[in-house]
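These are the residues of each chain, in order.
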Amino acid sequence: QKEVEQNSGPLSVPEGAIASLNCTYSDRGSQSFFWYRQYSGKSPELIMSIYSNGDKEDGRFTAQLNKASQYVSLLIRDSQPSDSATYLCAVKGSGFNKFYFGSGTKLNVKP
Amino acid sequence: GAVVSQHPSWVICKSGTSVKIECRSLDFQATTMFWYRQFPKQSLMLMATSNEGSKATYEQGVEKDKFLINHASLTLSTLTVTSAHPEDSSFYICSARVGGRRTDTQYFGPGTRLTVL
């Protein structure tokens, strides 16, 4: 079992719709959770971090964390074509210096 | 957010030569940096964890004598690909760890694209 699981996609949504990206993790002791965006040929860029159960909003992005279900999600409201990228879920595991990355979900936002 | 730089952004070299890639944290000190490799259309692969003042910790399957890592200061880690071969051609990305135990985060550099002829 992988430490972090994501649907590889591609997830296609029309412009202006809500994109919902999901991620599950296996280490129950994890305390820190992240979403990165990676455009083709570029390095990952941090867009959200979340440390407590519930929702965290930043502009059009909302991260949701449910530690009991070991589930993290990212909602992108009013999706734009510029949001088309691969989204990586990352989890800071309970071990020292252990960060785990999912394989990423490719999002396509169609004009 | 914290800024991490990498140099060079791309490099082309002949088979058998060595290539050094620098990773710098520009506006913060990083006791821990990470080195990743990414092949086209594949996910990030952690190669090693670099700790300032101590030896790097390599992931299983990564040859430490081929990928030399030196974290000489709190703002600089280097990766040297020794005797590079075409199969080493890849996108190499470093990241730096920032924050406390419960809020630490990784910020990535822009990456270095290595092509070995």
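Reading the values: rules and limits
- Residues numbered from 1 in each chain as written.
- Chains lettered and ligands numbered in written order.
- Predicted model: local features only at pLDDT ≥ 70, side-chain atom pairs only at ≥ 80, totals over all residues.
- Heavy atoms only, no water.
- Contact = heavy atoms within 4.5 Å.
- Buried area = accessible area lost by both parts, 1.4 Å probe.
- Salt bridge = Lys/Arg side-chain N within 4 Å of Asp/Glu carboxyl O.
- Polar contact = N/O pair within 3.5 Å; in protein donor to acceptor, adjacent residues only side chain to side chain.
- Helix = DSSP H or I, 4+ residues; strand = E, 2+ residues; numbered from the N terminus.
- Pairing = 2+ DSSP bridges.
- Axes fitted to C-alpha atoms, helices over the stretch in contact; angles between N-to-C directions.
- Buried < 20%, exposed > 50% of the residue type's maximum accessible area, 1.4 Å probe, protein only.
- Phe/Tyr/Trp six-rings, centres within 6.5 Å; stacked < 30°, edge-to-face > 60°.
- Lys NZ or Arg CZ within 6 Å of the ring centre and 35° of its normal.
- Disulfide = S-S within 2.5 Å.

1. Overview of the interface of chain B and chain A
Okay, so step 1: Between chain B and chain A, the residue contacts involve 23 residues of the former and 19 residues of the latter.
Okay, so step 2: When the two sides are added together, the surface that chain B and chain A hide from each other amounts to roughly 1,600 Å², 53% of it contributed by carbon and sulfur.
Okay, so step 3: Our enumeration of links across chain B and chain A arrives at zero salt bridges.
Okay, so step 4: Connecting chain B to chain A are five residue pairs in polar contact (both at pLDDT 80 or more).
Okay, so step 5: Looking at the side of chain B that touches chain A, the elements that each hand over two or more residues are β4 (32-38), β5 (45-51), β9 (90-98) and β10 (105-108) of chain B.

2. Here's the deal with the sheet that holds strand β1 (residues 4-7) of chain B
All names here are of chain B.
Okay, so step 1: The strand order across the open sheet built from four strands is β1-β3-β8-β7, with neighbouring strands paired in antiparallel fashion. A single partner strand is all that each edge strand has here, and the edge strands are β1 and β7 (67-73). Ignoring strand direction, the axes of neighbouring strands in this sheet form an average angle of 15°.

3. Observations concerning the environment of B:W35
All names here are of chain B.
Okay, so step 1: For W35, the position within the fold is in strand β4.
Okay, so step 2: Separated by 13 residues in the primary sequence, W35 and A48 have C-alpha atoms spaced 5.4 Å apart.
Okay, so step 3: At 3.0 Å, the side chain of W35 and the side chain of S77 are in polar contact.

4. What about the pairing of strand β9 (residues 85-92) of chain A?
All names here are of chain A.
Okay, so step 1: For β9, the tally of buried residues reaches seven of eight residues, placing the bulk of the element in the interior.
Okay, so step 2: Bridge count for strand β4 (residues 32-38) against β9 is seven bridges, and the pairing is antiparallel. Each residue of the ladder has a partner; that of Q38, found in β9, is T86.
Okay, so step 3: With three bridges joining them, β9 and strand β11 (residues 105-110) adopt antiparallel strand pairing. Looking at β11, one finds that Y87 is bridged to T105.
Okay, so step 4: The sheet contact formed by β9 and strand β10 (residues 99-101) spans three bridges and is antiparallel. Paired with A90 across the bridge in β10 is F101.
Okay, so step 5: Where β9 hands over to β10, the hairpin turn is made up of six residues, of which N97 adopts a positive phi near 60°.

5. A word on the packing of aromatic side chains
Okay, so step 1: Applying the stated rule across the entire model yields eleven aromatic pairs over all chains.
Okay, so step 2: Measuring from centroid to centroid gives 5.5 Å for A:Y36 and A:F101, while their planes differ by 45°, and the two rings are tilted. Of this pair, A:Y36 sits in strand β4 while A:F101 sits in strand β10, and the two are 65 residues apart along the sequence.
Okay, so step 3: Relative to B:F108, the ring of A:F101 has its centre 5.7 Å away and its plane inclined at 70°; by these criteria the two rings are edge-to-face. Placement of the pair is A:F101 in strand β10 and B:F108 in strand β10, with the two residues belonging to separate chains. Considered together, A:F101 and B:F108 belong to a single accessibility category, that of buried residues.
Okay, so step 4: Aromatic ring contacts, followed pair by pair, group A:F34, A:Y36, A:Y51, A:F99, A:F101, B:F34, B:Y36 and B:F108 into a single cluster.
Okay, so step 5: The cationic tip of A:R60 hangs over the ring face of A:F61; the distance from NZ or CZ to the ring centre is 5.5 Å.

6. Some points on the state of the cysteines
Residues and elements named next belong to chain B.
Okay, so step 1: Applying the stated criterion across every chain yields a total of two disulfides over all chains.
Okay, so step 2: Residue pairing for C23: its cysteine sulfur links by disulfide to C94, the two sulfurs lying 2.0 Å apart. Here C23 and C94 share a disulfide; its torsion about the S-S bond, 80°, makes the bridge right-handed. Taken together, the residues C23 in strand β3 (residues 19-25) and C94 in strand β9 connect sequence positions 71 residues apart.
Okay, so step 3: C94 gets classed as buried once you look at its relative accessible area, which sits at 0%.
Okay, so step 4: The structure places no disulfide on C13, whose sulfur is separated from the nearest cysteine sulfur, that of C94, by 18 Å.
Okay, so step 5: Taking the relative accessible area as the measure of exposure, C13 reaches 9% and is therefore buried.

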